[in-house]
Amino acid sequence: MKDFRFAHISDTHFCCEGSSDFVKMVNEKYNPIEKLRFVLENMAKPDFILLTGDTVHEGEAEDYKNLKAVFDEYFPDVPIYTALGNHDRADNFRVGFLGKEPTGKPYYDVFYHDDLRIITLDSAFHYGMKGYLCKEQCDFLKETLAENYGRGTIIITHHPFKWHRKNTALTAEYDLDEILEKSDVIAFFNGHSHINRTTFFHNRIHITGESMSFGTEPWEKKNIYIYTEKMAWNECVLEGTEVSFQTHAVSPDYTIIDTKSM
Ligand SMILES: [Fe+2]
Ligand SMILES: [Fe+2]
């Protein structure tokens, strides 16, 4: 079984005219797109890239086209598998990023990358911040997972399936426990929280990635979330059915003080 090396990049919040004042401020002051370019320029060519939502912040098709062009500049032939977030607009993504027709529906799909199956679900389509998988998507997941494929399946979403605080994990129209338990799923990848956390969900690794635009952290004693200029991504390896990853922070103060050959 061949190893796969891939990048997990989340919450790029690509800034555009429709973005909030906060995102515009972050863009001007901390320049996430320049950091993304830095990451793509220095990354070894991955087998594929996973984007787990909030890719463009309240943008038009043209904005999605512009974000896609950044990836194409560095890796024009590397497949990108995307799950959409609460700041994405599904049809604008379809038109600008995928070059497809609008459908007015949530964006979910299945991809076959060699002997690996990748399922993307749209947990943000119906209620935005409140992650939810509608019946149509639950049925799609159930039908797709009914048969095993190759070495197994990776599921990507924006909202985590599991979180240790209220109001972050997604809910579903019906119970998916048995479907997931019996399935060939080997890993879950998601974002939304802007802080990384790795746990296990139905005994499969469940990786919530950081954001490539700004960080958030809960300060429970003060009952607040702080927003920071922290940006990071995950460099992942799939050996057989085992996923491992390293988190690379690119902000703040990512000052290279020396280099050494391998
Ligand atoms: Fe986000
Ligand atoms: Fe989000």
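Not measured: the values here are computed from a predicted model.

## Let's talk about the confidence of the model for the protein chain
Fine structural detail should not be taken from predicted coordinates in areas where pLDDT scores are low.
Thinking step 1. Residues of the protein chain with pLDDT of at least 70 account for 98%, and the chain-wide mean is 96.
Thinking step 2. Confidence, expressed as mean pLDDT per element, reaches its minimum in the protein chain at strand β12 (residues 215-219) with 89 and its maximum at strand β2 (residues 48-52) with 99.

## What about the sheet that holds strand β5 (residues 116-120)?
Picture the strands of a sheet paired through backbone hydrogen bonds; they go either parallel or antiparallel.
Thinking step 1. Here we have 6 strands laid out as an open sheet, ordered β4-β5-β7-β9-β11-β10, and mixed in their pairing. Each end of this open sheet is capped by a strand with a single partner; those strands are β4 (109-113) and β10 (197-201). Ignoring which end each strand starts from, the neighbouring axes of this sheet average 20° apart.
Thinking step 2. Summarising the sheet, strand β7 (residues 152-156) and strand β9 (residues 185-190) pair through 4 bridges and their orientation is parallel. Paired with I156 across the strands is F189, a residue of β9.

## Focus: unusual backbone geometry
Thinking step 1. Each neighbour pair has its own omega, and for S251 with P252 the value is 5°, a cis peptide bond.
Thinking step 2. In this fold, P252 is placed in the segment after β15 (242-251).
Thinking step 3. Phi at N31 is positive, roughly 45°, even though this residue is not glycine.

## A few points about the packing of helix α2 (residues 32-42) against helix α3 (residues 61-74)
Thinking step 1. Interaxial distance between α2 and α3 falls to 9 Å at its minimum, and their mutual angle equals 25°. Classified by the angle between their axes, α2 and α3 sit roughly parallel to one another. Along this stretch, α2 crosses α3, giving a crossing that reads as right-handed. Along the contact surface, α2 presents I33, L36, R37, L40 and E41, while α3 presents V70, F71 and Y74.

## Re the sheet that holds strand β1 (residues 4-9)
Thinking step 1. Sheet architecture is open: 5 strands sit in the order β3-β2-β1-β14-β15, paired in mixed fashion. Bordering the open sheet on either side are β3 (80-83) and β15, each of which pairs with just one other strand. Taken over all neighbouring pairs, the strand axes of this sheet differ in orientation by 20° on average, direction set aside.
Thinking step 2. Where β1 meets strand β14 (residues 231-239), 5 bridges bridge the pair, whose relative direction is antiparallel. Residue pairing for β14: H8 is matched across the bridge by N234.
Thinking step 3. Relative to β15, α2 is tilted by about 130°, and along the sheet it contacts β14 and β15.

## Regarding the nonpolar core
Thinking step 1. One finds L121, I154, I155, I156 and F189 to be the most contacted residues of the largest nonpolar core, which totals 50 residues.
Thinking step 2. Among the elements that take part in this core, β14 stands out by supplying 5 residues, more than any other.

## Notes on helix α5 (residues 135-145)
Thinking step 1. The set of residues buried in α5 consists of Q137, L141 and L145. The buried residues of α5 occupy one face: seen down the axis, they fall within an arc of 55°. For α5, exposure combined with an orientation more than 90 degrees from the buried face picks out K135 and E143.
Thinking step 2. Buried residues belonging to α5 abut β5, β6 (132-133), β7 and α6 (177-182).

## Looking at the environment of M212
Thinking step 1. Tracing the chain through its elements places M212 in the loop between β11 (204-208) and β12.
Thinking step 2. Under the C-beta neighbour-count criterion, M212 is labelled buried, with 26 such atoms within 10 Å.
Thinking step 3. Separated by 21 residues in sequence, M212 and W233 have C-alpha atoms that sit 6.6 Å apart.
Thinking step 4. Apart from residues lying up to four places away in sequence, M212 is in contact with I9, S10, D11, T12, P32, K35, L36, M231 and W233.

## Description of the pairing of β11
Thinking step 1. Most of β11 sits out of view: 4 of its 5 residues are buried.
Thinking step 2. Pairing between β9 and β11: 4 bridges, direction parallel. Its bridge partner being in β11, A187 is matched across the sheet by I205.
Thinking step 3. Bridge analysis of β10 against β11 gives 5 bridges, and the strand direction is antiparallel. Counterpart to F200 in the pairing with β11 is I205.
Thinking step 4. Counting the residues that bridge the hairpin from β10 to β11 gives 2 residues, and of these H202 lies at a positive phi of roughly 50°.

The rules behind these values
- Residues numbered from 1 in each chain as written.
- Chains lettered and ligands numbered in written order.
- Predicted model: local features only at pLDDT ≥ 70, side-chain atom pairs only at ≥ 80, totals over all residues.
- pLDDT = per-residue confidence, 0-100.
- Helix = DSSP H or I, 4+ residues; strand = E, 2+ residues; numbered from the N terminus.
- Pairing = 2+ DSSP bridges.
- Axes fitted to C-alpha atoms, helices over the stretch in contact; angles between N-to-C directions.
- Parallel < 35°, antiparallel > 145°, perpendicular 65-115°, else oblique.
- Left-handed = near helix turned anticlockwise from the far one by under 90°.
- Contact = placed C-beta atoms within 7 Å.
- Core = buried A, V, L, I, M, F, W, Y, C linked by C-beta atoms within 7 Å.
- Buried ≥ 20, exposed ≤ 12 C-beta atoms within 10 Å, placed from the backbone.
- Arc of directions from axis to C-beta.

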